[in-house]
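# Observations on the three-dimensional arrangement
Chain by chain, the residues run as shown.
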Amino acid sequence: AAGVIQSPRHLIKEKRETATLKCYPISRHDTVYWYQQGPGQDPQFLISFYEKMQSDKGSIPDRFSAQQFSDYHSELNMSSLELGDSALYFCASSLGPLDTQYFGPGTRLTVL
Amino acid sequence: AQSVTQLDSQVPVFEEAPVELRCNYSSSVSVYLFWYVQYPNQGLQLLLKYLSGSTLVKGINGFEAEFNKSQTSFHLRKPSVHISDTAEYFCAVSDQGKAAGNKLTFGGGTRVLVKP
């Protein structure tokens, strides 16, 4: 079975630009989570969605927004990018909010 | 609020030797416990999880972990490591019964370097 798909895998942006990261969950999974992993750091929870509604929010900057669409894929929109936004962004999906989370390969964002 | 502490940031170990990665957590509610592995330049892969029942949990690749509620620990072990086990290992927890969503709180990671 196909795993979580994230696109793009790598993204290079300039400061103050905008980026959109996409996440396609495992088939039938209705819950999506976004995490940010800075260089040499552990993943930090950003935001999650269950059945297309935001279910929880972590340390996500106001410059970031996200949504989950009717096909359950999710997009993380990041505006006014800063150097400190350079990180690996993981998406995870689960079958329901209490099920095990399965992670995608991540999108590596580099802000120059 | 929850926190996870991985007591060793790096663990060098010789091939075929045993390894133990220590994880302690703090939480005001009951939690689920997980170990994830991250190979270089890859995503996170679930090794094993503790939800309930037997405190000794077996996972993939010969790993096992033991939940100790009194010590709030969930240490990961493997009796004989391979070069391919070189990776970063993350311990994580989530709230039990939080129907609105179940974010993971991760520890700082333990980098395992298996030497020949």
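Everything that follows concerns the structure shown earlier in this document.
Residues numbered from 1 in each chain as written. Chains lettered and ligands numbered in written order. Predicted model: local features only at pLDDT ≥ 70, side-chain atom pairs only at ≥ 80, totals over all residues. Heavy atoms only, no water.

What follows deals with the sheet that holds strand S7 (residues 64-68) of chain A. Residues and elements named next belong to chain A. The strand order S1-S3-S8-S7 describes an open sheet built from 4 strands, whose pairing is antiparallel. On the outer flanks of this sheet lie strand S1 (5-7) and S7, each paired with one strand and no other. In this sheet, neighbouring strand axes are inclined to one another by 15 degrees on average, regardless of whether the strands run parallel or antiparallel. Note: S1 against strand S3 (residues 19-24), 3 bridges, orientation antiparallel. Each residue of the ladder has a partner; that of Gln6, found in S3, is Cys23. (Pairing = 2+ DSSP bridges. Helix = DSSP H or I, 4+ residues; strand = E, 2+ residues; numbered from the N terminus. Axes fitted to C-alpha atoms, helices over the stretch in contact; angles between N-to-C directions.)

A few words now on the interface of chain B and chain A. By convention, interface size is frequently given as the accessible area that disappears when the constituent parts associate. Listed by partner, the interface residues are 21 residues for chain B and 19 residues for chain A. Taken over both partners, the interface formed by chain B and chain A buries close to 1700 Å², and the fraction arising from carbon and sulfur atoms is 54%. On the surface where chain B and chain A come into contact, there are 0 salt bridges. Our enumeration of links across chain B and chain A arrives at 6 residue pairs in polar contact (both at pLDDT 80 or more). (Contact = heavy atoms within 4.5 Å. Buried area = accessible area lost by both parts, 1.4 Å probe. Salt bridge = Lys/Arg side-chain N within 4 Å of Asp/Glu carboxyl O. Polar contact = N/O pair within 3.5 Å; in protein donor to acceptor, adjacent residues only side chain to side chain.)

Attention shifts here to the side chain of Ser94(B). All names here are of chain B. Of note, Ser94 is situated in strand S10 (residues 87-95). A polar atom in the side chain of Ser94 sits 3.5 Å from the side chain of Asn102. Setting aside residues up to four positions removed in sequence, Ser94 forms contacts with Gln2, Ser30, Val31, Tyr32, Phe34, Asn102, Lys103 and Leu104.

This brings us to the packing of aromatic side chains. According to the stated counting rule, one finds 14 aromatic pairs over all chains in the structure shown. What links up through ring pairs into an aromatic cluster is the set Tyr33(A), Tyr35(A), Phe45(A), Phe90(A), Phe103(A), Phe34(B), Tyr36(B), Phe90(B) and Phe106(B). (Phe/Tyr/Trp six-rings, centres within 6.5 Å; stacked < 30°, edge-to-face > 60°.)

Residues and elements named next belong to chain B. Considering the arrangement of structural elements, one finds Thr72 in the loop between strand S8 (64-68) and strand S9 (73-78). Under the relative-accessibility criterion, Thr72 is labelled partly exposed at 30%. Each residue touching Thr72, except ones within four places of it in the same chain, is listed here: Cys23, Asn24 and Tyr25. (Buried < 20%, exposed > 50% of the residue type's maximum accessible area, 1.4 Å probe, protein only.)

Attention now goes to the environment of Leu112(A). Mapped onto the fold, Leu112(A) is located in the segment after strand S11 (107-111). For the pair Leu112(A) and Lys13(A), spaced 99 residues apart in sequence, the C-alpha separation works out to 6.2 Å.

Attention shifts here to the pairing of S9(B). Residue and element names in this part refer to chain B. Counting buried residues along S9, 5 of its 6 residues qualify, which places the element largely inside the surrounding structure. Across 3 bridges, strand S3 (residues 19-21) lies against S9 in antiparallel orientation. Within S9, the residue paired with Glu20 across the bridge is Arg77. In terms of strand pairing, S8 meets S9 through 5 bridges, oriented antiparallel. Residue pairing across strands places Glu64 opposite Arg77, the latter belonging to S9. Hairpin connection, S8 to S9: the antiparallel pair is bridged by 4 residues, and Thr72 has positive phi, about 45 degrees.

This part takes up the pattern of salt bridges. Tallied over the entire structure, the rule returns 9 salt bridges over all chains. Between Arg63(A) and Glu82(A) there is a salt bridge whose closest N-O contact spans 3.4 Å. Here Arg63(A) is found in the loop between strand S6 (53-57) and S7, whereas its partner Glu82(A) is found in the loop between strand S8 (74-78) and strand S9 (87-94), with 19 residues between them in sequence. Across the pair Glu66(B) and Arg77(B) runs a salt bridge whose closest N-O atoms are separated by 3.2 Å. A residue pair is termed long-range when its members are at least 10 positions apart, and Glu66(B) in strand S8 and Arg77(B) in strand S9 qualify at 11 residues. It is possible to trace a salt-bridge network through shared partners that takes in Arg63(A), Glu82(A) and Asp85(A).

In terms of nonpolar packing, the biggest core is built from 28 residues, with Trp35(B), Leu48(B), Leu76(B) and Tyr89(B) touching the most fellow members. Listed in part, the 22 residues of the second largest apolar core include Ala19(A), Phe49(A), Cys91(A) and Leu109(A). (Core = buried A, V, L, I, M, F, W, Y, C linked by side-chain atoms within 4.5 Å.)

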